[in-house]
Amino acid sequence: MPTFTRSTELPQTVEADTIAVFAGRDGEATVLGADAISVGQALGIDLLAELSGVRFNADLGTGARIPTRGQARAAILLVVGLGPMDELSLERLRRAAGAAARNASKDSTLAIAVPLDLLGEGAVAADAVRATVEGAGLGAYAFTAYRSKSPDAPSLEAVLILCGNADGGEVDHGIVTGEVIVRATNLTRDLINTPPSDKRPPALAERVAEVAREAGLQVKAFDENALAEGGFGGILGVGQGSSERPRLVELTYEPENAGGHVVLVGKGITFDTGGISLKPTNAMTTMKSDMSGAAAVVGAMTALRDLGVTTRVTGLLALAENMPSGDAIRVSDVLVHRGGTTVEVMNTDAEGRLVLADALAYGAESEPDAMIDLATLTGGQIVALGNKIAGLMGNDEALVDALEAAASEAGEQVWHLPLPAEYADQLKSEVADFKNIGRPGQAVTLVAGLFLKEFTGGVPWAHLDIAGPAFSDDGDSFYTAKGGTGMGVRTLVRYLQQRSGANGQQE
């Protein structure tokens, strides 16, 4: 992760390898920000003519590299498109800043001029800076821990934030807040991208404990004996086919004078073969990401202290490896979950809801003000919403609305899906309280949500199915790399900030 620093220098005088400025589009005309105009004048060129000559159209994320020929301290002027002026937003700035980071020279220093003038009246410097830092920091991410050589990976040593005459305190506030979010999201990405052999449940629990304690969180880990004593039959059942036993990790953030209590629950299947209901090989290639929900909870919770969140937060990570073996659960086996509810397992590849059921039931026992779970839960979510949008469901409209608002502000896409009561009959079992799947091919995402609802104890609850957006096979040209995306971290953090009235870093 690059370092981020505020600079009061003009773009043309700042000491950096590359200067990034922004341009929008009004109809067919390119609209330059004040910093871009200033740099063009310092270079002694007609910048609009130069951009026209290279057919720069200011589409979002497009870039034009112009040599400064010694007329600025930086060697390269990078002009980045923001798209149509009437569509400008903080998310578009975040994406454009990510494109700037990806187009900067490797192992270099990038100076980014935040285009407050293009964002228009009412633009808040701290918010614009935060979005810029988030875009650049996420765009510069690369997972290289297992690569002996990585010449194609983006990398930046440092990013200088230029924000004209904006209040220095606001700029610093935006930088620090953005850095915390980037660090939390990139931690989540690292956990997801780690090969499954290196994050089997006990190992992942130890790694989580390490980073959690560094972030001031309390940690409690339930091993297989504690899980058995506590009646966590779902987590134990899913994990019994593996030679590495499952874990439930409980993280606690409890600031002084905490107000309210929120429980976050994350699905943590460290690798999913499907168990006895074995997946085809091509369906397993991304299954190291089946713990993305748990990873997002970890990432979000490591940010809370530094952002001054005042709500008490509990994180529950249900960690198991779903493997086929002579000890694995079978189709038609019945599991007894935390609290005594029984479930007939009709498909061992519908295992995420089995581990979440235990964690939700346990979380509900503390009667929190809100409970939110994140899970790469169903292929049906991808069918319905694709790889960019998460499905959002819940039993409390106020909580669902608050998460929608938080996601919108954070730049993550969610779509509110229903939980129709008439579909709950699909979960009826002849031999147990419930079965773990409904009718094949029919509303599988909604039915999975209805299953989870049965374990929430009536507390306000929301469920985010992040199966599609949690992992990217292709990445994009903005700030999403191939692999784990960190989906959900920014939404959770923004929701908790809004709930506690904390909009920035700890003073």
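Refer to the preceding data block for the structure.
What comes next is a walk through the structure. (Residues numbered from 1 in each chain as written. Predicted model: local features only at pLDDT ≥ 70, side-chain atom pairs only at ≥ 80, totals over all residues. Heavy atoms only, no water.)

**Section: the packing of aromatic side chains**
For the coordinates displayed, the defined rule picks out 5 aromatic pairs. Taking 5.7 Å as the distance between ring centres and 80° as the angle between the ring planes, the aromatic pair formed by Phe-222 and Tyr-362 counts as edge-to-face. Of the two residues, Phe-222 is situated in strand β8 (residues 218-222) and Tyr-362 in helix α12 (residues 352-364); the sequence distance between them amounts to 140 residues. Judged by relative accessible area, Phe-222 falls into the buried class, the value being 8%. Assessed through its relative accessible area of 17%, Tyr-362 is described here as buried. Between Phe-451 and Phe-455, the ring centres sit 5.2 Å apart and the planes meet at 45°, which makes this aromatic pair tilted. The exposure class assigned to Phe-451 is buried, which follows from its relative accessible area of 0%. (Phe/Tyr/Trp six-rings, centres within 6.5 Å; stacked < 30°, edge-to-face > 60°. Helix = DSSP H or I, 4+ residues; strand = E, 2+ residues; numbered from the N terminus. Buried < 20%, exposed > 50% of the residue type's maximum accessible area, 1.4 Å probe, protein only.)

**A short note on the packing of α12 against helix α15 (residues 444-453)**
In the contact formed by α12 and α15, the axes pass within 9 Å of each other and the chain directions differ by 30°. In terms of their interaxial angle, α12 and α15 are classed as roughly parallel. Considering only the axes of α12 and α15, their crossing is right-handed. Along the contact surface, α12 presents Arg-353, Leu-354, Leu-356, Ala-357 and Leu-360, while α15 presents Ala-448, Phe-451 and Leu-452. Of the residues belonging to the contact of α12 with α15, the class tally is 7 nonpolar, no polar and 1 charged. (Axes fitted to C-alpha atoms, helices over the stretch in contact; angles between N-to-C directions. Parallel < 35°, antiparallel > 145°, perpendicular 65-115°, else oblique. Left-handed = near helix turned anticlockwise from the far one by under 90°. Contact = heavy atoms within 4.5 Å. Nonpolar A, V, L, I, M, F, W, Y, C, P; charged D, E, K, R; others polar.)

**As for the sheet that holds strand β15 (residues 389-394)**
The sheet built from 8 strands is open, its strands ordered β8-β9-β11-β10-β14-β18-β15-β16 with mixed pairing. What marks the edges here is a single partner per strand, and that holds for β8 and β16 (413-416). Ignoring strand direction, the axes of neighbouring strands in this sheet form an average angle of 20°. Where strand β9 (residues 247-253) meets strand β11 (residues 312-322), 7 bridges bridge the pair, whose relative direction is antiparallel. Across the sheet, the residue bridging to Leu-248 is Ala-318, located in β11. (Pairing = 2+ DSSP bridges.)

**Here's the deal with the side chain of His-261**
Residue placement: His-261 occurs in strand β10 (residues 261-272). Within the structure, His-261 has its side chain in polar contact with the side chain of Arg-312 (distance 3.3 Å). Within the structure, His-261 has its side chain in polar contact with the side chain of Thr-314 (distance 2.8 Å). In contact with His-261, other than residues within four places in its own chain, are Thr-311, Arg-312, Val-313, Thr-314, Ser-366, Pro-368, Asp-369 and Ala-370. (Polar contact = N/O pair within 3.5 Å; in protein donor to acceptor, adjacent residues only side chain to side chain.)

**Regarding the nonpolar core**
One broad trend across soluble globular proteins is that nonpolar side chains are buried collectively. Among the nonpolar cores identified, the biggest contains 55 residues, and Leu-251, Leu-264, Met-301, Leu-317, Ile-372 and Tyr-495 are the most heavily contacted of them. Among the elements that take part in this core, helix α10 (residues 292-302) stands out by supplying 7 residues, more than any other. Those residues in contact with Leu-264, other than ones at most four positions away along the chain, are Val-297, Met-301, Val-313, Thr-314, Gly-315, Leu-316, Ile-372, Leu-492 and Leu-496. (Core = buried A, V, L, I, M, F, W, Y, C linked by side-chain atoms within 4.5 Å.)

**Observations concerning the environment of Tyr-253**
Turning to its location among the elements, Tyr-253 is positioned in strand β9. The class for Tyr-253 is buried, based on a relative accessible area of 6%. Linking Tyr-253 and Val-39, residues 214 residues apart in sequence, is a C-alpha distance of 47 Å. Beyond its immediate sequence surroundings of up to four residues, Tyr-253 is in contact with Leu-217, Met-301, Leu-304, Arg-305, Gly-308, Val-309, Thr-311, Arg-312 and Val-313.

**Concerning the environment of Asp-401**
Counting through the fold element by element, Asp-401 comes out in helix α14 (residues 397-410). With 15 residues separating them in the primary sequence, Asp-401 and His-416 have C-alpha atoms 8.8 Å apart.

**Brief notes about helix α16 (residues 489-500)**
Here α16 spans 17 Å end to end across 12 residues, near enough to the 16 Å set by a 1.5 Å rise per residue. Burial of α16 is extensive: 10 of the 12 residues sit out of reach of the surface. (Expected span 1.5 Å × (residues − 1).)

**Some remarks on the pattern of salt bridges**
Should the charged atoms of two oppositely charged side chains come close, the side chains can pair. Across all of its chains, the model carries 21 salt bridges by this definition. Note that Glu-134 and Arg-94 form a salt bridge whose closest N and O atoms lie 2.7 Å from each other. Taken together, the residues Glu-134 in helix α5 (residues 125-139) and Arg-94 in helix α3 (residues 90-103) connect sequence positions 40 residues apart. Here Glu-134 matches Arg-94 in class, with each residue buried. Here Asp-333 makes a salt bridge to Arg-330, at a shortest N to O gap of 3.5 Å. (Salt bridge = Lys/Arg side-chain N within 4 Å of Asp/Glu carboxyl O.)

**Some thoughts on the side chain of Arg-25**
Within the fold, Arg-25 resides in strand β2 (residues 18-26). In terms of polar contacts, Arg-25 uses its side chain to reach the backbone carbonyl oxygen of Gly-27, at 3.2 Å. One polar contact links Arg-25 to Asp-59, side chain to side chain, over a distance of 2.4 Å. When neighbours within four sequence positions are excluded, Arg-25 is seen to be in contact with Val-31, Asn-57, Ala-58, Asp-59, Gly-83, Pro-84 and Met-85.

**Thoughts on the pairing of β16**
Note: β15 against β16, 4 bridges, orientation parallel. In the strand pairing of β16, Gly-391 is matched with Trp-415. A crossover connection joins β15 to the parallel β16 through α14; in handedness this β-α-β unit is right-handed. (Right-handed = clockwise from strand over helix to strand, strands pointing away.)

**Looking at the packing of α5 against helix α6 (residues 168-193)**
Remark: α5 packs on α6, axes separated minimally by 7 Å, with the N-to-C direction vectors making an angle of 30°. Relative to α6, the crossing made by α5 is right-handed. Grouping the constituent residues of the contact of α5 with α6 by class yields 9 nonpolar, 7 polar and 5 charged.

**Overview of the sheet that holds strand β17 (residues 434-435)**
Strand order in the open sheet formed by 3 strands is β12-β13-β17, with mixed pairing between adjacent strands. Two strands in the sheet have a free side with no partner beyond their single neighbour: β12 (334-336) and β17. Summarising the sheet, β12 and strand β13 (residues 342-344) pair through 3 bridges and their orientation is antiparallel. From the neighbouring strand, Val-336 faces β13, where its bridge partner is Thr-342.

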